[in-house]
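Examination of the molecular architecture
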Amino acid sequence: MTANSKINEAQMSGDIQIRMVQDPSISDAQFWHDREQRPDDPYVGMVGVAMNLKTVVGGFARYSGDEHQIMAAAKFKRLHELSQIGGARACDMEREPVDGGGTNPEATFEIGADARKQFVAMQAHLGKEMFKRFERVVIGGVGPTAYVRMITGLHKPNTAQVAKGKREVRRIANNLAVFWGLSTRPKPVGINRMPVDRSA
């Protein structure tokens, strides 16, 4: 299988999407100047990039979320990673410092502590059950059909049940988007929960 056929297959499955990001070839000052000159153009200073959503939002890539829901899932995944012990990726302590600089191990713990505070606040906002469900989707990579199986205990959920499960996961993401200020949509009155199979 060639690289192009893998990309085409991923695009057809919806994992790879074209996303608009700030143009890396221009400075921040130029970007903001261009935005001031053309405030009505949402794409000024932006370029389209092919992005694999699975790396950004994990299993939520299969749930057809809106932009603010995708942003909430990405923030959830990022906080989950940063809040782990240490709060940062590995660093090479033997690397030679440049210009008197070096790695500050205390900074990694500060980053982790801040992420953990945000993570705990988010957990309290969602509640234990909804947090566990969203974590299984974003971090565990559980797809829509497997999600319904996990929640209901049904071996072969029908299309309507899978659609209801997708809506529930999108509601959780929407709830987080409002909580983090990524969306101005009103908070849902109550998350419409799927029945849980308690026999297992």
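Bear in mind that the values here come from a model prediction, so they are computed numbers and not experimental data. (Residues numbered from 1 in each chain as written. Predicted model: local features only at pLDDT ≥ 70, side-chain atom pairs only at ≥ 80, totals over all residues. Heavy atoms only, no water.)

Right, let's get into the environment of Leu176. The residue Leu176 is located in helix 8 (residues 159-179) in this model. Taking the C-alpha atoms as reference points, Leu176 and Gln123, 53 residues apart in sequence, are found 10.0 Å from one another. Apart from the residues lying within four places of it in its own chain, the contact partners of Leu176 are Ala72, Phe76, Met122, Leu126 and Phe134. (Helix = DSSP H or I, 4+ residues; strand = E, 2+ residues; numbered from the N terminus. Contact = heavy atoms within 4.5 Å.)

With that settled, consider the environment of Gly45. For Gly45, the location among the structural elements is in the loop between helix 2 (28-37) and strand 2 (46-52). Take Gly45: its relative accessible area is 17%, and that puts it in the buried class. Measuring from C-alpha to C-alpha, the distance between Gly45 and Trp32 comes to 8.3 Å, with 13 residues separating the pair along the chain. The contacts of Gly45, once residues within four sequence positions are left out, are Val21, Gln22, Asp23, Ile26 and Phe31. (Buried < 20%, exposed > 50% of the residue type's maximum accessible area, 1.4 Å probe, protein only.)

In this structure, Phe60, Phe76, Met122, Phe134, Tyr147 and Leu176 are the most contacted members of the largest nonpolar core, which totals 31 residues. Taken together, the elements giving at least two residues each to this core come down to helix 3 (53-57), helix 4 (67-82), helix 5 (105-126), helix 6 (128-138), helix 7 (144-152) and helix 8. In contact with Phe76, other than residues within four places in its own chain, are Phe119, Met122, Phe131, Phe134, Glu135, Val138, Ile139, Leu176 and Trp180. (Core = buried A, V, L, I, M, F, W, Y, C linked by side-chain atoms within 4.5 Å.)

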